[in-house]
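Spelled out from the first residue to the last, the chains are:
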Amino acid sequence: MGRNAAAALAVEAVFEDISGVPKKIECFQYFWRDRSFKEEDHSDGQLIQDEPRTEYLSMAVHFYRIRVGGIEFEVEVDGKTVHAKRV
């Protein structure tokens, strides 16, 4: 799954958490990692990392840090599985 499709799932999870559609949503961090390195952070310090190359899409787990109405969320998208938590 590509970064844009994963972003749509991440935003949907945040909307479900806040029970609505906000006026403003801000993604201020994005990175991905290979599923086989689940516990390692490969964000390389960038706030917004480039999306994975095509050959890595099936193995990519996407991470977003999203702010909505002053509430920050960390969202992990692994295929169709999405985990969003307030931070």
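Small disclaimer: the values here were computed from a predicted structure and weren't measured.

J.: Tell me about the overall build of the protein, and name the residues and values.
T.: Regarding its fold elements, the protein presents one helix and four strands. Residues classed as buried in the protein amount to 26% of the 87 residues present. The long-range share in the protein, meaning contacts at least 24 apart out of those at least 6 apart in sequence, stands at 54%.

J.: Quick rundown of the sheet that holds strand E3 (residues 71-78)? Include the residues and the values.
T.: Pairing is antiparallel across the open sheet formed by four strands, whose spatial order is E1-E2-E3-E4. Across the chains shown, the open sheet's two edge strands, defined by having one partner strand only, are strand E1 (25-34) and strand E4 (81-86). Taken pair by pair, the neighbouring strands of this sheet meet at an average axis angle of 15 degrees, ignoring direction. Bridging between E3 and E4 involves six bridges; their strand directions are antiparallel. Considered in E4, the bridge of Glu74 is made with Lys85. Set on the sheet, helix H1 (residues 3-18) makes contact with E1, strand E2 (60-68), E3 and E4; between it and E2 the angle comes to about 45 degrees.

J.: Give me the lowdown on the nonpolar core, citing residues and values where you can.
T.: Ala6, Ala10, Val14, Tyr30, Trp32, Ala60, Tyr64, Ile66, Val68, Phe73, Val75 and Val77 form the largest nonpolar core, which has twelve residues in total. Broken down by secondary-structure element, the contributors of at least two residues to this core are H1, E1, E2 and E3. The leading source of residues in this core is E2, at four residues. Every residue in contact with Ile66, bar those within four places of it in the chain, is listed here: Ala10, Val14, Ile25, Glu26, Cys27, Phe28, Ile71, Glu72, Phe73 and Val75.

Analysis parameters
- Residues numbered from 1 in each chain as written.
- Predicted model: local features only at pLDDT ≥ 70, side-chain atom pairs only at ≥ 80, totals over all residues.
- Heavy atoms only, no water.
- Helix = DSSP H or I, 4+ residues; strand = E, 2+ residues; numbered from the N terminus.
- Buried < 20%, exposed > 50% of the residue type's maximum accessible area, 1.4 Å probe, protein only.
- Contact = heavy atoms within 4.5 Å.
- Pairing = 2+ DSSP bridges.
- Axes fitted to C-alpha atoms, helices over the stretch in contact; angles between N-to-C directions.
- Core = buried A, V, L, I, M, F, W, Y, C linked by side-chain atoms within 4.5 Å.

Nothing here speaks to function; it is all geometry.
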